[in-house]
Structure formats: structure tokens, C-alpha cells
Amino acid sequence: MIPFNKASITDKEIEYVVDAMKNSKLSGDGKYTAKVYEKFKELFGIENMLLTTSGTTALEMASLLIDLEPGDEVIVPSFTFSSTVNAFMLRRAKPIFCDIRRDNMNIDETKIEGLITDKTKAIYTVDYAGIPCDYDVINDIAKRHNLIVIEDSAQAVGSYYKGRVCGTLTPFGCYSFHETKNYVMGEGGGIVLNDPSYMDRAEIIREKGTNRRQVLKGNVDKYTWHDIGSSFLPSDLLAAILYAQMERFDEILQKRLTVWNTYAEELQPLVKEGLLVLPTVPEYATHNGHMFNIILPTDEIRTKLVAELQKQGINAYICYVPLHSAPMGIKLGYKPEECPVTEDYGARVLRLPLYADMTKEDALKVSAAVSEILHRI
Ligand SMILES: Cc1ncc(COP(=O)(O)O)c(C=O)c1O
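Residues numbered from 1 in each chain as written. Predicted model: local features only at pLDDT ≥ 70, side-chain atom pairs only at ≥ 80, totals over all residues. Heavy atoms only, no water.

Draft legend 1. Expanded view of the sheet that holds strand β8 (residues 172-176). On the basis of which strands lie adjacent, the open sheet formed by seven strands has the order β1-β9-β8-β5-β4-β2-β3 and mixed pairing. Strand pairing shows two members of the sheet lacking a second neighbour, β1 (49-52) and β3 (94-98), which therefore form its edges. In this sheet, neighbouring strand axes are inclined to one another by 20° on average, regardless of whether the strands run parallel or antiparallel. Relative to strand β5 (residues 148-152), strand β4 (residues 120-126) runs parallel, the two sharing five bridges. Each bridged residue has a counterpart across the sheet, and for Y124 the counterpart in β5 is I150. With respect to the sheet, helix α3 (residues 55-65) is in contact with β1, β4, β5, β8 and β9 (189-193), its orientation differing from that of β8 by roughly 160°. Together, β1 and β9 form the strand contacts of helix α6 (residues 199-206), whose direction differs from that of β1 by roughly 15°. (Pairing = 2+ DSSP bridges. Helix = DSSP H or I, 4+ residues; strand = E, 2+ residues; numbered from the N terminus. Axes fitted to C-alpha atoms, helices over the stretch in contact; angles between N-to-C directions. Contact = heavy atoms within 4.5 Å.)

Written out as C-alpha cells, the structure reads:
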């Protein structure tokens, strides 16, 4: 059986969680949360980061910090997880869906400007599959139109755009450390405040609208209500898991890349035969091996392939139903034809199993199964 995903947990993660429990620090902002911040600084030079309860709530915090108002428009790809869009819809802002690029399934930056109106306030980008969008172009558009860019880098921890790490490419980076991501804490996320002027308010929003973090830092002796906010900080027990994962940053990255590169090599002949298409990694990017996608010729072939792989104990996964044509998108009045490339890819993309403890032999087995089935069906 080859599952679609499996978290890589070693004795280290267990040791740190037990230690966190022994410290009786079950709530947030304890020793391991601080250690996670040190690690992100050491690995990526990130100075201002706050752990959150999920990637979803990191995006929600960003939406609170930019003071979105009802009726504001946000340009966003439709080929993403619901959280990217829910985060600003909770502020009553409206999604304006932008189509994606055929080569890497990221937002098509050439189509953004055509969607800007006098109501546009922000662009939410998604570094899909751990591949960064083209930020020089997107940030230039944002600057010229006075828009804020939020980077949904949920999938892109440790990927780079022109030598700069994902999560630091716009004023706000939003990471996920969900069990399905590269570095996990069960449920959890992080917001990177690349414009430090947002930090004080971010700390307050994260602590139910109070200045409690100032008490922990010894700056004030009692805390009270200062702003709107919610319960966005995760338990230190979960931070302990993440700290162990970040200590293993390179090991996890290399293991994932081994699987990713094996797929890329083994499936290349099928591309030449026209049996599938592989997304490309832009020259400006180095990626973190988060996902391996194949694009099948038709929806029917994809359905058959998933069923046949399942029979062999291999779990492949249909990634996103595009948001604009999902039940909620239709209810809101969006039309499938608004984003034709997204609609087309939504029906044909398949995500192969990929996790750190998957072996090269597993990847060879999956590749051989894909090849055999696609030649047969
Ligand atoms: C692109 C994207 N955004 C946001 C999220 C939400 O992250 P989380 O599951 O940590 O809330 C995910 C995770 O599934 C994601 O893939």
C-alpha cells in the first residue's frame, strides 16, 4: 500500500513533545514556539514570524491586518484551496477569480491587470505545489495600482524565487504546517510579517485582541483589550513537533526531492508518447518537492487511472475542484467559463503520492504502474 501522504515522525518529535509537557507549557508562545522562530531566522533569515493555529488562520490574520472592507475586491486564482478565499470573504470582500498558467498552474500574471477595478484592494497569490509565482511582475502591478499582495505560501516552505525564500516575497507570507505539508505540526501555520510595521497589531490580533504578548515580553504588567482579534496562537506542544521537523529541514527536503526527481525522470518517456503532460519549474525557482502533478489527456482517463492505481494499493489524489465552479462558486454566481485554463486543468490534474519517508523504490513502483496503466487503458 502506498498512501497519498504520511507525516515523517521520528524520536526527536516525540522527545520534544514530552519535554514541552514536562515544562507544563501547554498553551502558546512557550519555549518551542521561540525555538521555531530562531530556526526560521537561521534557515531563511526570517525575522518577524508568528505561529498560528493553521495556514487558514494565517490568511485570516493577514485579511484582518489589511483592513479589508465589505465590497472590496480581491484578485485570486480559482485553482486553490478554499481557505485562500474564505480568509477574505469572512471580511465580506469579493473574490475576482484569475485564470492560471498552463505551464505551472500558478496565477497567470498577464491576466491580473485586466481584472483590476477601482474596488480592487489586494491580490492573494498561491505558490501552487511549492512553485513560486512570478513576484517581480506581480509586485510591480501591485505597486502601480496601489494594491497589497498576500502570499499564500502554505505549500512553499523552503522554496525560492530568484534566491529569496517563499513567504518573504510580499508584505505577508502565510505558511501551513498541516499534516499534509512538508513540515508539520498536525494543525498549524505561520504568518511572516515582512513589513515589520504590522508586527505590533499582528501580535494583538493573534491574542484575542489583547496585548498579552507585551506582558510575556515584560514590557507591561497587565494586558487588556486593544483591537478585534481571535484565538490564533497554537499550543507549544504542537510547536515542539514543528521544531523537530525544522531541525530536519534538509533531510526532509532531500528525501522529497529524491521522490520528485524520480517521478520526473521515469515519467518523461510518457510525455514524449503524448500520454501525459508534466508541469514545468520556471528557471527563476527552486522548489521544495511538495507535490508531483501529472496532467492527463482527459477527465475519463484520469478517473480510470485513479481506480486502477487504487487496485494496486496506490493512492493518487485529484487535487482541486476549481473554486469558481465548485458548489459555493456556482451559488455565488460565478460561471465555469470565466477561467478556462483552470476549468480544463481542474478536470485533468492528478497528484501522485509524495511524502518524505517514501522510498525511491516506491516512486519507481508508482511510475511503472502509471506507465503500464496508461498504455493499457
Ligand atoms: C494553498 C493552500 N492555502 C491554504 C491552506 C490551508 O492551510 P491549513 O490546512 O493549515 O489551514 C492550504 C492547505 O491545505 C493550502 O494548500
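Draft legend 2. Local environment of the environment of E113. Inspection of the secondary structure assignment puts E113 in the loop between β3 and β4. A relative accessible area of 35% places E113 in the partly exposed class. Separated by 38 residues in the primary sequence, E113 and I75 place their C-alpha atoms 9.6 Å from one another. Other than its neighbours up to four places away in sequence, E113 contacts I141, R144 and H145. (Buried < 20%, exposed > 50% of the residue type's maximum accessible area, 1.4 Å probe, protein only.)

Draft legend 3. Region of interest: empty space enclosed by the protein. Applying the stated rule across the entire model yields two cavities of 30 Å³ or more. Looking at the largest cavity, its volume works out to about 70 Å³. What lines the largest cavity is a set of 13 residues, and nearest its centre among them are K6, S8, K181, N182 and R256. In terms of residue class, the lining of the largest cavity is made up of five nonpolar, four polar and four charged. When residues of the lining of the largest cavity are assigned to domains, at least three fall in each of domain 1 (11-248) and domain 2 (250-376). Taken as a whole, the second largest cavity encloses approximately 30 Å³ of empty space. As for the second largest cavity, its lining consists of A154, Q155, A156, V157, S176, K181, N182 and Y183. Among the residues making up the lining of the second largest cavity, the classes are represented as four nonpolar, three polar and one charged. (1 Å grid on protein atoms, 1.4 Å probe; cavity = no way out; pocket = protein on both sides within 12 Å on 5 of 7 lines; lining within 4 Å. Points joined across faces, edges and corners; volume = space filled by probe spheres on them. Nonpolar A, V, L, I, M, F, W, Y, C, P; charged D, E, K, R; others polar. Domains from an automatic or database assignment.)

Draft legend 4. Seen up close, the state of the cysteines. Tallied over the entire structure, the rule returns zero disulfides. C98 takes part in no disulfide bond, and the closest cysteine sulfur to it belongs to C339, at a distance of 7.0 Å. By relative accessible area, which is 0% here, C339 ends up buried. (Disulfide = S-S within 2.5 Å.)

Draft legend 5. Broad picture of the site of the ligand. Near the ligand lie 17 residues; those nearest to it are G55, T56, D152, S176 and K181. In this structure, G55 approaches the ligand through a main-chain N or O atom, which is 2.8 Å from an oxygen atom. D152 is positioned with one of its side-chain polar atoms (N or O) 2.7 Å from a nitrogen atom of the ligand. Contact with the protein chains hides 92% of the accessible area of the ligand, taken as 390 Å² for the molecule alone. In a pocket analysis with a 2 Å cut-off to the grid points, the ligand is assigned to the largest pocket. Those elements that place two or more of their residues in the shell around the ligand are α3 and α4 (82-89). Considering each element in turn, the shell around the ligand owes the most residues, three residues, to α3. Residues belonging to the shell around the ligand are distributed by class as follows: five nonpolar, ten polar and two charged. (Near = heavy atom within 4 Å. Polar contact = N/O pair within 3.5 Å; in protein donor to acceptor, adjacent residues only side chain to side chain. Areas by Shrake-Rupley, 256 points an atom, 1.4 Å probe, with all protein chains shown as cover. Sits in = over half its atoms within 2 Å of the grid points.)

Draft legend 6. Main features of the packing of α3 against α4. Contact geometry for α3 and α4: axes closest at 8 Å, N-to-C directions at 35°. In the packing of α3 onto α4, the handedness of the crossing is right-handed. Here T56, L59, E60 and S63 of α3 come into contact with α4, specifically with S83, T84, A87 and F88. (Left-handed = near helix turned anticlockwise from the far one by under 90°.)

Draft legend 7. Here's a closer look at the pattern of salt bridges. On inspection of all chains with the given rule, the structure shows 27 salt bridges. Where K311 meets E308, a salt bridge forms, and the shortest distance between an N and an O atom there is 3.1 Å. With a gap of three residues between them, K311 and E308 both fall in helix α10 (residues 299-311), about one helical turn apart. Taking relative accessible area as the criterion, E308 reaches 16% and is therefore assigned buried. One continuous salt-bridge network, built from bridges that share partners, spans E13, R248, E251, K255 and D357. (Salt bridge = Lys/Arg side-chain N within 4 Å of Asp/Glu carboxyl O.)

Draft legend 8. Representation of the side chain of S63 in the model. Take S63: it is sitting in helix α3. Its relative accessible area of 1% is what places S63 among the buried residues. Within the structure, the side chain of S63 is placed 2.7 Å from the side chain of Y124, a separation counted as a polar contact. Those residues in contact with S63 that lie beyond four places of it in its chain are L68, A87, F88, R91 and Y124.

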